Structures are given as C-alpha cells and as structure tokens.
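Chain by chain, the residues:
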Amino acid sequence: MIFFSQNSFICGCFPVRHWNLLLAAGFLFCVVTPVAGASGLKSPAVEHRAAVAQARQGEYDSALQRLSVLVKAYPARPLFLHDYISVLAWAGRDDEVLAQLPRLDLKRTPGYVLNAIGKSARNRQQPELAIKVYRAALKRKSGKRQARLGLALSLAEAGQPFKADEQMRILLRSDPDSVELLEAVAYVRQADRDYAGAITAYDRLLAKHPEHRAARRGRILNMIHLGATHEAVRLARRETDLFSAEEHQQIAAHQAAAEVRWGRLPAVNPAHRHRDTERAITLLKNQYQQMEDKTTLSALRNRFELVHAYRNRRHMRKAVALYEQLRDQGVKQFPPYVQAAAGEAYLSLHQPEQAVVLLKRAVKGYPDDLDAQYALYYAYLESGQYEKSLAHIDALAASLPEKEWQPGGKEWRWSADKLYAQTVAAQARAYVGKLDLAERRLRLLVAHAPADHDARNALAGVALWRGWPRQALTEYRIVLAQDPENLGARTGVARVMSMRGDVAGTDRALASLFVHYSDDPHVQDLLREAKVGKMRELWIGVNGGSSSSLYQGSSELTTETYYYDKPWQPGLRPFVFLLYSEADFSGQTATRSRLAAGLHYRGQDLILRGSISDGDGSPGMSLQGDWSLTDRWYGRLSLDSFSNQTPLQAELSGVEAWSFSAGTEYRFHESRSLGISAQYMDFDDGNRRQTVSAFGRQRLINSMRYRLEGELTAYRQTNSEDSAAYFNPSRQNSIELGFNNQWKTWRHYEKSMHQRLLVNVGTSSQQGFDTELTWRVGYEHHWSFSRQLSLSYGISRARPVYDGRQEYSTRGFMNFYARF
C-alpha cells in the first residue's frame, strides 16, 4: 500500500525543487577567494562551484568525490563538510550522513544541514535522533518551517502524537491551506492510527485541490485501515486511474480480509454471527476463481485469508486441509496470522503437539497477536506441558501494560487486555488442580473490576469445580443481569443445572443454546454430556481374593452388575441389578444370588432409587435417597428389607437381616470433607447391630501430576448377641489413617490413565481381646477411554484382625463401565 511517504521530503520535509535553490544559495553565499595551495588544489572555490553544478545535475558521485577532497584538504572550513553532508542526504546515502555526526557541533551547524541530518535520521527510523536535530535547527534564524515540520513528523513517528499536533498547529496558523502542511497533518494522524483524522485532513486538502492525486489515494487507503473497506472498494472502482490492476486486486483482498476480521466480532443478533465470515469465504473463493494467474502473491494471500476464514467459521478440518495443501505445494513462508489460524485449527481437532509448533512460530513472528498467545497456552496445556503453559501465560500477563492508549483518544485507560490475561492466568491454576489459588486470584480481579464478565464467569467456573453450584449460579446470574446473551454465563448456567441434576432444565437451556451456538466448543461439550447422560449404562464389578481368616472365607468372589435403560422421562429411568457372591468357609460354600429391578430418579439436588429383589432367601425391597441441602451439606438415607451387607457366612445358617442407615457429609471444597454415618441392622436370629463411623479427608499435596490425600476414619460397632454363626463381636472399635497417592500418568483430552497407591494403617480393638495393628496396601490402575468407557483394576494385601488374631488377605478387583 502507498501512503504519505517520508521520502517526499528531502531536507526536513523541504521539496526537491526548492532544495536546488537552497543548496546553490548555501554554496554561493560562502564562496571564498581562490587560494592556491593544499593538496594541489589551485582553486578550492572553483572546485566547490563545480561540485555544486554536478550535484544540481544529479551527478552525486562525482560531486561527492570533489567535496570529499575539499573536506580533507581544508578541515578548517566547515562549509565544505556541511555541503558534503547535504549532498550525501540529497543522494539518499543516509547512513553516511549520520556517520558524520561526530564531526559536527550541532550548536554551530547551519539549519539547512541540520534539516538534512534530521531527514536522514527519519529515513533510518531513528526518530529520537531526528527530534534532537530538528530542535537544534529551530534555534537557527532560517529554515524554521522545515525544521518544525520535520520535528512534527519525527514526534509522530516516535509515538508522541500530542506533541506532534502542537507543532502542526503552530505551522497551520500561518498557512492553513498549505498542501504540504495538510499532507503532513494526514501523515501525523495516520502515524497515530487516527485514520479518521487522516481522512479529514485529506478532505480539507481535496476541498482546495480536488485533483490532488496523493490525497485521493490516501483517502481511499486510510478507509481500508479504518475498516470501511466496502466504501474504499467502491471509490477505487470509480477512480480507476489512481490504482493499477494489481493494486485493485490488493484492495479487493483487503475487503475480503476485513470481512474475515469482522466475522470474529460479537453480533447483535446471534443468528447473524457467522454472516460476515460466510460472506468472506464466498468472496475469497470467487476472487480466486477470477484470477487468471494463480501463482501470484495476490493469489497466495487469497489462500492465506481463506485459511483464516475457515478457522473463524470453525471449519477446522477445512482450515487444516488447505494449510497442508499449501505446505505440500511448496509454500515455505506462512504469515504469522496463518500459522496462528492453522495452529488453532489443529488444537480444535485435538492435535495439540502440532498446534504448539505452529503457534510458537506465530507468536515469534507477531508477538502482539493475543489470540495466538492464548491459543499457545492452551496448546501447551492440552499437550501435557503444564509447566510451560503456566510460564507462558504468566509471562504474557506480566508483559501487558496496566493502562492502554486508545487511538485517537485523549487519555489513558485501564487495559482490558491486561485484565483478561490475568483472568486466564488465574484460571490456569484451576486447570492444573490448584483451585484454591485460582479462586483467590479471581476474587481479587472481580473486586478490582466487578463489571468484567470474563473474570466473573471464570470465578463461577472455579466455584463449580470446587463443588459449589449454587455459588456459581449466583455469579452467572450477575453476568446475565448485565448481559442476557452472554454465552459464557449461559453455558455456565446449563452446566450448573446438569451438575445439580436438573435434567429438564438442562435440556431447555441447551435447546436454546443450540439454535445459534451449535458449533461453539463449550456448547458442543454440554450437548455431548447430555447425550451421554441419556444413554444406557452398564456397570460390572468383580472382586475377590483369598484369606487366612475363617470369617472372610479362604476364597471369595463377588460380581455385581447394574444395567440402566434409557430414561422414560427426564430424570427417570429403570434399572436392573444382579448380585452373585460365594465364599468357602472350612469346606462349606456359602452363596448369595439376588436379582433386583427398580426405578432411578434424579431431580434437582435429589436422587431417589427404589427396587424390589428376589433370589436366595426372602424377597426384598430397597429405598435410597441422596440430597444436597446446600453447596456443602449432603445427606443420605437407606432402607433395605433384605440387606446385602449381611455377612455372607450367615447364609450357611439361613440368617437374614434388614437395615436402615443415615449419613451426612460436609464438603468444605474439593480438598477437604468431614462425614458421619450410622447403620442399624436387625438379624432374624435376634442380633441387633449398630454401627457408627466418621471420617475426615484432606488433600495434602496437589501438584500438576501427583496428588496425595489423607483420610482418618473412626469406626465403632456393637452387637446384641455374643454368639452367632458369623463374625459378631459384642463391641469393636477401630481407627485408621489412610494415604491415597495418585499419579496422572497420561492424558489426552477425555482419555487418561491414573495410578494409585493406597496405604492404610490403624488399630483394631475387640472386646475381650488386645488392641492390634492393622494395615492395608493397594495398587490400582484407572483408565478412561472416553466419556462412555472406563476400566479400573487393582490388587491389595491386608492384615485384618479377628478375635485378636492377625490374619492376612490378598484381594483383587476390576470395574468396567460403559454407556451405549
């Protein structure tokens, strides 16, 4: 693109046609009397005039050669050095101009030379040096206009728009209709990214000079920067003489690129949120088809923009396919925004390793692309590079300024980018399990910016992960009160409903979201979760082992199977339960076989289950209820007319029991909880068993790949009958301390593998016997293959105590879970 060029000014913005007169005047004013002498020069004045004449004719090399000889021969005559520098500037040899600075005293250097040096400094993108030189030139009697104009342009290039405006106002007071000054005003406004101000300056210029070609071009090109690409295209088509055919193609490409960018902006009507992107895709395809030569840079840029547009439209497979096609065709250099688009597409397609490679290149090429920076953080996270993910997002948040300058604005404001980066950095702690730290950081951000929706939505999400759905709902509702269409809050509310068991409410919320946001990844995730929740379920558990105890059985095997059918209506589904157990007790085999059928209902904060069963022994009925009183208080009641917790050894004597149990738990958060439960069992042999247990659980270590939880459990049981055909102590007390070590061995999105090492140690006391030490060690694998399939298995070795005798047992288990 062509804009107001620095090269249109030669000496502090002095036009070339005037430079000839200025140079000649400088030379002729200082002509000296011929002196024979040094270096064999018979007449330095003659040489001087000859150099001037050559410079005026554009013979810069010859002129500079003569002036160089004069400078060396007459170092005491600064005129020759001054004119040598001026001709260097005229010849565009800016580096050589700046190399002469150590030989000059700026306080004594003429204004025309300072203006030349200032222009060379600008050309070499050294605005601070140019500012210094132009300020020195302003102290001279002549050339002040050019010096002030150069100073204004240098200030604009140095990012000091207010000071640049001040200098331009001084200049415009004396000549408000100057073409040169109005061109400079447009340049200053454009340097400040105030494209509307630049267009206004061009409009003023065109009002006086309607045929001014540069102003007509500049006006259209600034419209492109302003985002008014449709109007720019319309004017460019009308002003056909201003642009070449290739430039017209470039302007059309800008229109398509603008359509792509607009597609990422929030839409007033959600139904139209992809309209601009789809229009851009169509426009890019049509433009590409109309190109006769598809090997040009314009054609390649068209393909680049299409990759970008596919990403915005969430056609991720198309974005990746086009990127790979270009790569396979030999394209070696991709612009950072294309690498970012392809990287995000790979990330969306669950290929984070490939995404990391592209996104690292993208942010290296263009660090200011914050979307690419955030995508790189998520790519690190999803590829399991947790340390790099935290380091990256922390560095990004630290690099952004607290305040930002609005282009064309009049004051600084708090940086929204900084706040968002801090929000993501806080949320990052939650993704690696440090929910407490994430919550503290987010509460500080919400206190600092209570109206910021991103920070409050993130706080609500962390509250949900900590097990506080009601608290999360409160935060989401605050956001929705300010912005009823906020997608993050709406999906958050749906997730809260799902977590609390409000199936019907979740379905209504998702139906509303699906209308306009079916391609949003968070909505898709919720839809998959809801779909899986309505599938049939199968759970099979097998456990067994061997023991030296007469009461456990020398060998024992138990299988349990649950089958849940599809829901009959929201929250209500039928199920079937099958139990089979057998154990060998001194040569006698005890078995238990039960088949149950019932209904399972889940409503908001409530789960109810009822079933009837039959099999070995009497028919039975079971009722269970679980509810959530608050985000922290939970309760449970259970009544079984035929209790499967009856010791299996009792089957040998035909003894049965019914049971009633109640329990409550207080969950402080995901890392700490306390609970207590009680059970009453009534055996038909006259025995009455009462059991009370309590526990406290605390997470002790919570790193990115390893967690350690400690649990202290206290247990007390009493029985009314001393003698029974099964283990039945009149009183038994135990206390146990357990440690659950868990390693995250592997994870890829929904797939994961965890290892667990469980170590328990405690004491057991039984009336009539001494207190004895008990322990248990277990090792487990837990596999998750998807939301629909998981498998776990493990083995353990334990030393229980029965009737004061230490026994040993070895057990194993396997659990299989599937939805279909």
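Above this text is the structure in question.
Residues numbered from 1 in each chain as written. Predicted model: local features only at pLDDT ≥ 70, side-chain atom pairs only at ≥ 80, totals over all residues. Heavy atoms only, no water.

### Quick notes on the pattern of salt bridges
- Inspection of the entire model under this criterion finds 51 salt bridges.
- The salt bridge partner of R124 is D95, with a shortest N-O separation of 2.9 Å. Of the two residues, R124 is situated in the loop between helix 6 (111-123) and helix 7 (127-137) and D95 in helix 5 (residues 94-99); the sequence distance between them amounts to 29 residues.
- Given a relative accessible area of 42%, R124 falls into the partly exposed group.
- E709 is the salt-bridge partner of R699, the closest N and O atoms lying 3.2 Å from each other. Highlighted residues: R699 in strand 12 (residues 688-702) and E709 in strand 13 (residues 706-719), separated in sequence by ten residues.
- Shared partners join several salt bridges into a network, and the residues in it are R495, D525, R528, E529, E750 and R787. (Salt bridge = Lys/Arg side-chain N within 4 Å of Asp/Glu carboxyl O. Helix = DSSP H or I, 4+ residues; strand = E, 2+ residues; numbered from the N terminus. Buried < 20%, exposed > 50% of the residue type's maximum accessible area, 1.4 Å probe, protein only.)

### Remarks on the packing of helix 6 against helix 7
- Helix 7 packs onto helix 6 with a crossing angle of 165 degrees between their chain directions and a minimal axis gap of 8 Å. Classified by the interaxial angle, the pair formed by helix 6 and helix 7 is roughly antiparallel. Considering the relative orientation of helix 6 and helix 7, their crossing is left-handed. Contacts between helix 6 and helix 7 involve G111, L114, N115, I117, G118, K119, A121 and R122 from the former and L129, A130, V133, Y134, A136 and A137 from the latter. (Axes fitted to C-alpha atoms, helices over the stretch in contact; angles between N-to-C directions. Parallel < 35°, antiparallel > 145°, perpendicular 65-115°, else oblique. Left-handed = near helix turned anticlockwise from the far one by under 90°. Contact = heavy atoms within 4.5 Å.)

### Regarding the nonpolar core
- Counting residues in each nonpolar core, the largest one holds 59 residues, and the members touching the most others are Y84, I85, I117 and M168.
- Counting residues per element, this core draws most heavily on helix 4 (residues 78-90), at nine residues.
- The residues contacting M168, other than those within four sequence positions of it, are L149, A152, L181, A184, V185 and V188.
- Core analysis: the second largest hydrophobic core is formed by 37 residues, A345, V356, A372 and A375 among them. (Core = buried A, V, L, I, M, F, W, Y, C linked by side-chain atoms within 4.5 Å.)

### Topic: the environment of R689
- With respect to the helices, strands and loops of the structure, R689 is situated in strand 12.
- Exposure remark for R689: the relative accessible area of 7% places this residue in the buried category.
- Separated by 29 residues in the primary sequence, R689 and T718 have C-alpha atoms spaced 5.7 Å apart.
- Contacts of R689, omitting those with residues within four sequence positions, involve P647, Q679, Y680, M681, F683, Q717, T718, N719, Y726, F727 and N728.
- A polar side-chain atom of R689 sits 3.2 Å from the main-chain carbonyl oxygen of F727.
- Polar contacts involving the side chain of R689 include one to the side chain of N728, which spans 3.2 Å. (Polar contact = N/O pair within 3.5 Å; in protein donor to acceptor, adjacent residues only side chain to side chain.)

### Some details on the pairing of strand 8 (residues 620-628)
- Sheet analysis places strand 7 (residues 606-615) next to strand 8, joined by eight bridges and oriented antiparallel. Bridge pairing in strand 8 links L606 to W627.
- Once strand 7 ends, the chain turns through four residues before running back antiparallel as strand 8, passing G617 with a positive phi of about 95 degrees.
- Bridge analysis of strand 8 against strand 9 (residues 633-640) gives seven bridges, and the strand direction is antiparallel. The residue bridging S628 from the neighbouring strand is Y634, located in strand 9. (Pairing = 2+ DSSP bridges.)

### Looking at the packing of helix 2 (residues 44-56) against helix 3 (residues 60-73)
- Two elements in contact, helix 2 and helix 3, have axes whose closest approach is 8 Å; the angle formed by their N-to-C orientations is 155 degrees. Here helix 2 is positioned roughly antiparallel relative to helix 3, judged by the angle of their axes. Crossing of helix 2 against helix 3: the hand is left-handed. Seen from helix 2, the contacting residues are P44, E47, H48, A50, A51, Q54 and A55; seen from helix 3, they are Y60, S62, A63, R66, L67 and L70.
- Split by residue class, the contact of helix 2 with helix 3 holds eight nonpolar, three polar and two charged. (Nonpolar A, V, L, I, M, F, W, Y, C, P; charged D, E, K, R; others polar.)

### Here we look at a negative patch on the surface
- Together, D684, D685, E721 and D722 line one region of the surface with negative charge.
- Assignment of secondary structure puts D722 in the loop between strand 13 and strand 14 (731-748).
- According to the relative accessible area criterion, D722 is exposed, its value standing at 64%. (Patch = residues over 30% accessible without salt bridge, like charges linked within 9 Å, V, L, I, M, F, W, Y side chains within 5 Å. Areas by Shrake-Rupley, 256 points an atom, 1.4 Å probe, with all protein chains shown as cover. Lys, Arg positive; Asp, Glu negative; His and termini not counted. Charge placed at Lys NZ, Arg CZ, Asp CG, Glu CD.)

### Here's the deal with a nonpolar patch on the surface
- Taken together, the side chains of I612, M621, L623, L637, L639, W658 and F660 make up a nonpolar region of the molecular surface, amounting to roughly 630 Å² of accessible area.
- Of all elements in the fold, only strand 8, strand 9 and strand 10 (657-669) reach the threshold of two or more residues within the nonpolar patch.
- Tracing the backbone shows L637 in strand 9.
- Take L637: its relative accessible area is 37%, and that puts it in the partly exposed class.

Any functional reading would require information that these geometric values do not contain.
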